[in-house]
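Below, each chain spelled out in residue letters.
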Amino acid sequence: MSQIFRGLGVSSGVAMGRVQLVDRRRLSVPRLRLSHAEIEPEIERFERAIELSEAQLGDLRGRAAQSGLSDVATLLEAHASMLRDEHLRDATKERIKLDGVNAEWALRSSVKALRDIFDRLDDDYFRERRSDVDLVGDRLLRNLVGEEADPPSGFAEDTVVVAYALSPADTVPLYRSSVRGFVTETGGPTSHLAILARDMSLPAVVGVAGLVERAGTGDPIVLDGDSGEVVLHPEEELQSRFRVRARAKQAREVELLEERALNSETVDHTPVTLLGNIEVSDEVAVVLDRGGMGIGLYRTEFMAMEHRRLPTADEQLVEYRKVVEPLKGRPLTIRTIDLGGDKLARILPRTDASSEVLNPALGLRALRFSLRNPESLRAQLRAVLRASALGPVRLLFPFVTGLEELRWAKEQLKEAEQELSREGLPFDVKMPVGVMIETPAAVEIADLLAQEVEFFSIGTNDLIQYTLAVDRSNDDVAELYRPCHPAVLRMLRRVVQVAATAEIELTVCGEMAAEPLHTPLLLGLGVRSFSLNAPSIPRVKRVVRRVTIDACEQLAREVMLVATAEQVEQKLRVALETWAEEVFAGETGDLPSLLF
Ligand code: PEP
Ligand code: MG
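Here we summarise the structure given alongside this text. Since the model is a prediction, treat every value here as computed from it, not as a measurement. (Residues numbered from 1 in each chain as written. Chains lettered and ligands numbered in written order. Predicted model: local features only at pLDDT ≥ 70, side-chain atom pairs only at ≥ 80, totals over all residues. Heavy atoms only, no water.)

1. Observations regarding helix α23 (residues 549-561)
Taking 1.5 Å of rise per residue, 13 residues should cover 18 Å, and α23 covers 19 Å from first to last C-alpha, within 8% of that figure. Listing the buried residues of α23 in full gives Ile549, Cys552, Leu555, Ala556, Val559 and Met560. Here the buried residues of α23 occupy an arc of 130° about the axis, which is enough to place them on one side. In α23, the exposed positions that point more than 90 degrees away from the buried face belong to Asp550 and Leu561. (Helix = DSSP H or I, 4+ residues; strand = E, 2+ residues; numbered from the N terminus. Expected span 1.5 Å × (residues − 1). Buried < 20%, exposed > 50% of the residue type's maximum accessible area, 1.4 Å probe, protein only. Arc of directions from axis to C-beta.)

2. Considerations on the site of ligand 1
The environment of ligand 1 is formed by 15 residues, the closest being Arg299, Arg335, Gly459, Asn461 and Arg472. Contacts to ligand 1 include Arg335, whose side-chain N or O atom sits 2.8 Å from an oxygen atom. Contacts to ligand 1 include Asp462, whose side-chain N or O atom sits 2.9 Å from an oxygen atom. Contact with the protein chains removes 100% of the 280 Å² of surface that ligand 1 exposes when unbound. The set of elements that each furnish at least two residues to the shell around ligand 1 consists of β10 (295-299) and α19 (460-468). Counting residues per element, the shell around ligand 1 draws most heavily on α19, which supplies three residues. Looking at the shell around ligand 1 residue by residue, the class counts come to three nonpolar, four polar and eight charged. (Near = heavy atom within 4 Å. Polar contact = N/O pair within 3.5 Å; in protein donor to acceptor, adjacent residues only side chain to side chain. Areas by Shrake-Rupley, 256 points an atom, 1.4 Å probe, with all protein chains shown as cover. Nonpolar A, V, L, I, M, F, W, Y, C, P; charged D, E, K, R; others polar.)

3. Focus on the nonpolar core
Phe397, Leu449 and Phe456 are the most contacted members of the largest nonpolar core, which totals 92 residues. Element by element, the count of residues in this core is highest for helix α20 (residues 486-502), at seven residues. Sequence-distant contacts of Leu449, that is, excluding residues within four places in its chain, are made with Val400, Leu403, Leu406, Val435, Ile437, Ala442 and Phe456. Of all hydrophobic cores here, the second largest spans 31 residues; its members include Ile43, Ala49, Ala103 and Leu140. (Core = buried A, V, L, I, M, F, W, Y, C linked by side-chain atoms within 4.5 Å. Contact = heavy atoms within 4.5 Å.)

4. Focus: the packing of aromatic side chains
A full pass over the atoms with the stated rule returns two aromatic pairs. Summarising the aromatic geometry, the rings of Phe399 and Tyr466 are spaced 5.5 Å apart at their centres and angled 50° between planes, so their arrangement reads as tilted. Taken together, the positions of Phe399 in the loop between β12 (393-397) and α16 (403-423) and Tyr466 in helix α19 put the pair 67 residues apart, joining distant regions of the chain. Each member of the pair, Phe399 as well as Tyr466, is classed as buried. The cationic tip of Arg108 hangs over the ring face of Trp105; the distance from NZ or CZ to the ring centre is 4.8 Å. (Phe/Tyr/Trp six-rings, centres within 6.5 Å; stacked < 30°, edge-to-face > 60°. Lys NZ or Arg CZ within 6 Å of the ring centre and 35° of its normal.)

5. Let's talk about the sheet that holds strand β5 (residues 181-184)
Strand order in the open sheet formed by eight strands is β1-β8-β7-β3-β4-β5-β6-β2, with mixed pairing between adjacent strands. The open sheet has two edge strands with one neighbour each: β1 (3-6) and β2 (8-11). For this sheet, the mean inter-axis angle between neighbouring strands, taken without regard to orientation, is 30°. For strand β7 (residues 220-224) and strand β8 (residues 229-232), the ladder comprises three bridges, and the chain directions are antiparallel. Looking at β8, one finds that Leu223 is bridged to Val230. In this fold helix α10 (residues 236-257) packs onto β3 (14-22), β7 and β8, with an angle of close to 120° to the strand it touches most, β3. (Pairing = 2+ DSSP bridges. Axes fitted to C-alpha atoms, helices over the stretch in contact; angles between N-to-C directions.)

6. Let's talk about the pairing of strand β13 (residues 433-437)
Counting buried residues along β13, five of its five residues qualify, which places the element largely inside the surrounding structure. Residues Val433, Val435 and Ile437 point to one face of β13 and Gly434 and Met436 to the other, with burial holding for every one of them. Relative to β13, β12 runs parallel, the two sharing three bridges. Note that in β13 the partner of Leu395 across the bridge is Val433. Viewed along the sheet, the connection from β12 through α16 into β13 turns out right-handed. Pairing analysis gives four bridges linking β13 to strand β14 (residues 455-458), with the strands arranged parallel. Looking at the pairing, Met436 lines up with Ser457 of β14. (Right-handed = clockwise from strand over helix to strand, strands pointing away.)

By themselves, these observations are geometric and do not establish any function.
Right under this line is the structure:
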């Protein structure tokens, strides 16, 4: 029976094969009191672990250099010198001696102290290096407790590596092996793994919660590095769809990219804005490469995941600058942090986030989280405002359910503006402010919200989840997750009408915007701006360039008269087959997205 998971696709392509499990959970470390006589042998044990770690890193460095991975070799060299660093080696030995504790406990304290030093440094490069401290500490710890520090090498032909986390050292033996792809529970799009996977052109998905627990070595698995879909024990039919998808994907991508420079407009010359959704700054290059006209949704919560904490205003500004500058005057919409719910809650303290809460999707999420942590919102608003001095930036508040929250958030913005003015720092005094329309409450009060913001962004992912009462990440109810449910479509129609009446801008930024099947319907309902993942931009553009607004409006009228999601989908399928069959067949047709 297929088991479906969803994570974040960080390296494009489809992989099929068998699981090789590399379980890299954090080790729990007991604190043991040592007698006087036990101290010296304990220090020797620690020294042996250092020697072993040095030997392992030396070996890996050699293999990395041989494989032409010079960046990885340099990184491993840095790891090796960290092993000899006084803050790690000497400090740990001191702790064993003075505190009379076991080497594991002493090491953990030294790693924490070292990490704190890196955190305090006012330099992003060095702050980023704290993850290297963790990796070195982890290797030492595993060698101390006698756990294998590196994953096995010599993989079978069709291996897909599944791990809780993979370090750069872990990936070295995988390079030029027959590994077909990676899936990890942790990690973000700019994690070392993601960067290396892209370098190796291997599909990778990160952030797949719960997979390690359910997967076993040898289990059949498929993964899609674009959509982030991962399926364990795929049934034969699903496997063959994936195969078709992989082949079709390659061929079509090449063909669609040829239209990159053409105008995004319908046959009757109605311009349609196609923006990109990004999670990290690096992705802006991919959006531009696929013909994106700006960034319509920057999901900044992924920054918190990368840092494993809430980033400071300065850290955020560095990232925003990396997005604004390559955009060269194209628009950028930055959404304030949307943590909680199904999103990476594990990185936050239990009281702040919702991973331990029974009903997280209805819990302390997004703007509600900001209400409890006003200083984190203020830091972000400060960074966004400062970025607005560098190019056209818009600010977007997620998960709004009432005017009180919005007014409070805008109040915080005003205070951040005053603060910057006092400091003489520039910002755009007219920076547009918008709200995500992603809860039924926001739809109901859209007319009121429209009076207080400059734009709407419809988040269909959550709007569908909350309207249909279907958890968007629960595969048990995935079949009930129907974007074309009449309840959803009526809401979309209403919000578009409210925005038009209030003369404010509207973008659809949920996954519906990325699905070519929905493009004619959304156009027919009056949507003229879409924000979507970069790989989908050329496909949606192809549909836009094949339709007329009249025909789309006619389709929308017909669709709004039918009573079930199934009937709607049927009508949309027929329409798309007429207009842009090549976009439909092979990808959306043969393998509908598993969760959306
Ligand atoms: C949405 O809910 O549709 C959306 C775009 O936001 P996210 O997927 O980040 O919740
Ligand atoms: Mg959302």
